[in-house]
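What follows is each chain in one-letter form.
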Amino acid sequence: MITSFRERLEEASKSHKSRLVLALDLNIEEGLLESALHLIEQIGCELAAVKINYHLILPLALTDIRRVVEAAHRKGLQTIADLKLNDISSTNLTVVRLLYEAGFDALIANPIVGYRNALQPMIEEAHKRGMGVILLTYMSHRGATEGYGLKIKSRSGSVKPLYRLFAERALKWGADGLIVGATRPSIIKEVAALTSNRLPIFSPGVGVQGGSALDALKAGASYLIVGRSIIDSPDRIAEARRLREWSWLVC
Ligand code: XMP
């Protein structure tokens, strides 16, 4: 029987007592494959999952990425492809199949592209393969207000911010999680309440972008996504351990 991404993530999280997702955004001047494998070996037991984005996927291509994904799996971790997918279904479906063949457990997509002929077939295909789909809801960077914070008016005349619509739709569309930046704890709280805590909230933007891990967790984030605070730390193991302990104590 195929287990779902959410079940596997919960299992990984419990077994490592961690709600920490490493953003594996290594410096592109490093020997990427070796560095990625080494870092997973070093701090894998502090994590629940690894998120891999363009930093690695473009230079390594999926053949080498598969080795990184397999190393994460050997450590009992889930793997998330962060391409913020944003296309029509024919392209989205091809990407889902390629990511599945590379071993990924979940992917991040952009809800702005809509459901019909875009996210619907992609979510169905991902679920058929036991993969999860996590939808952007409010990004962590400052300019996110220019998009996710826009007020929209429905046909009935009611006005609401775009991120609230995205959160409601994520539930309706059968997504497996939401992304809300740690830089916006009040919005994490609002989205957690709006979705009655039925979807895990993944929160990037801790540390370098100014978000507080503790504030995000207290507001209702289920998982912290952290890259540079760990990767650029003089002691990556200690930093990952510190964040793991917080993530587990506060959640
Ligand atoms: P840092 O180094 O700031 O890295 O800890 C954050 C990681 O998370 C990604 N990121 C986001 N991904 N929605 C996302 O899907 C967001 O709002 C968001 N903000 C940051 C970023 O690509 C990096 O990998």
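Scroll up to find the structure this text is about.
What counts, and where the lines are drawn
Residues numbered from 1 in each chain as written. Predicted model: local features only at pLDDT ≥ 70, side-chain atom pairs only at ≥ 80, totals over all residues. Heavy atoms only, no water. Helix = DSSP H or I, 4+ residues; strand = E, 2+ residues; numbered from the N terminus. Rg over C-alpha atoms; globule rule 2.2 N^0.38 Å. Buried < 20%, exposed > 50% of the residue type's maximum accessible area, 1.4 Å probe, protein only. Contact = heavy atoms within 4.5 Å. Areas by Shrake-Rupley, 256 points an atom, 1.4 Å probe, with all protein chains shown as cover. Lys, Arg positive; Asp, Glu negative; His and termini not counted. Charge placed at Lys NZ, Arg CZ, Asp CG, Glu CD. Near = heavy atom within 4 Å. Polar contact = N/O pair within 3.5 Å; in protein donor to acceptor, adjacent residues only side chain to side chain. Nonpolar A, V, L, I, M, F, W, Y, C, P; charged D, E, K, R; others polar. Arc of directions from axis to C-beta. Pairing = 2+ DSSP bridges. Right-handed = clockwise from strand over helix to strand, strands pointing away. Salt bridge = Lys/Arg side-chain N within 4 Å of Asp/Glu carboxyl O.

Draft legend 1. Layout of the overall build of the chain. If you tally the helices and strands in the chain, you get 10 helices and 10 strands. Over its C-alpha trace the chain gives a radius of gyration of 17 Å, about what one expects of a compact globule, namely 18 Å for 251 residues. Dimensions of the chain, computed from the C-alpha atoms along their principal axes, are close to 55 × 40 × 35 Å. Within the chain, buried positions represent 53% of all 251 residues. The long-range fraction of contacts in the chain, counting pairs at least 24 apart against all pairs at least 6 apart in sequence, stands at 71%. Counting only carbon and sulfur atoms, one obtains 51% of the accessible surface of the chain, whose full area is about 11500 Å². Side-chain charges of the chain comprise 32 positive and 26 negative groups, with the mean position of each set lying 8 Å from the other.

Draft legend 2. Main features of the site of the ligand. Taken together, 17 residues surround the ligand, and among them Asp25, Lys51, Ser140, Gly227 and Arg228 come closest. Interatomic distance of 3.2 Å between a side-chain N/O atom of Asn53 and an oxygen atom of the ligand. Expressed as a share of its isolated accessible area of 510 Å², the protein-covered part of the ligand is 92%. Secondary structure elements with two or more residues in the shell around the ligand: strand 2 (49-53), strand 3 (78-85) and strand 10 (223-226). Considering only residue class, the shell around the ligand consists of eight nonpolar, four polar and five charged.

Draft legend 3. Main features of helix 7 (residues 185-194). Those residues of helix 7 that fall on the buried side of the exposure criterion are Ile187, Ile188, Val191 and Ala192. Burial along helix 7 is one-sided: seen end-on, the buried residues are contained in an arc of 135 degrees. Turned more than 90 degrees from where helix 7 packs its buried face, Ser186, Lys189 and Ala193 sit exposed. Two residues or fewer past helix 7, Ser196 is found with a positive phi of approximately 50 degrees.

Draft legend 4. Molecular detail of the environment of Ala106. Its place among the elements puts Ala106 in strand 4 (residues 106-109). As a C-alpha pair, Ala106 and Thr79 span 27 residues in sequence and 6.5 Å in three-dimensional space. When sequence neighbours within four positions are dropped, the list of residues in contact with Ala106 reads Phe5, Thr79, Ile80, Ala81, Met131 and Gly132.

Draft legend 5. Highlighting the pairing of strand 4. By the alternation rule, side chains of strand 4 split into Ala106 and Ile108 and Leu107 and Ala109, which are all buried. Here strand 3 pairs with strand 4 via three bridges, running parallel. Across the sheet, Leu85 pairs through a bridge with Ala109, a residue of strand 4. For the crossover that starts at strand 3, traverses helix 4 (residues 89-101) and ends in the parallel strand 4, the hand is right-handed. Here strand 4 runs beside strand 5 (residues 132-138); their pairing, made up of four bridges, is parallel.

Draft legend 6. View of the pattern of salt bridges. Taken as a whole and judged by the stated rule, the model has 15 salt bridges. The partner of Glu70 in a salt bridge is Arg66, and the shortest N-O contact between them spans 4.0 Å. On the criterion of helical spacing, the pair formed by Glu70 and Arg66 is a turn pair, its members being four residues apart in helix 3 (residues 54-74). We classify Glu70 as partly exposed; its relative accessible area is 35%. A relative accessible area of 36% means that Arg66 is categorised as partly exposed.

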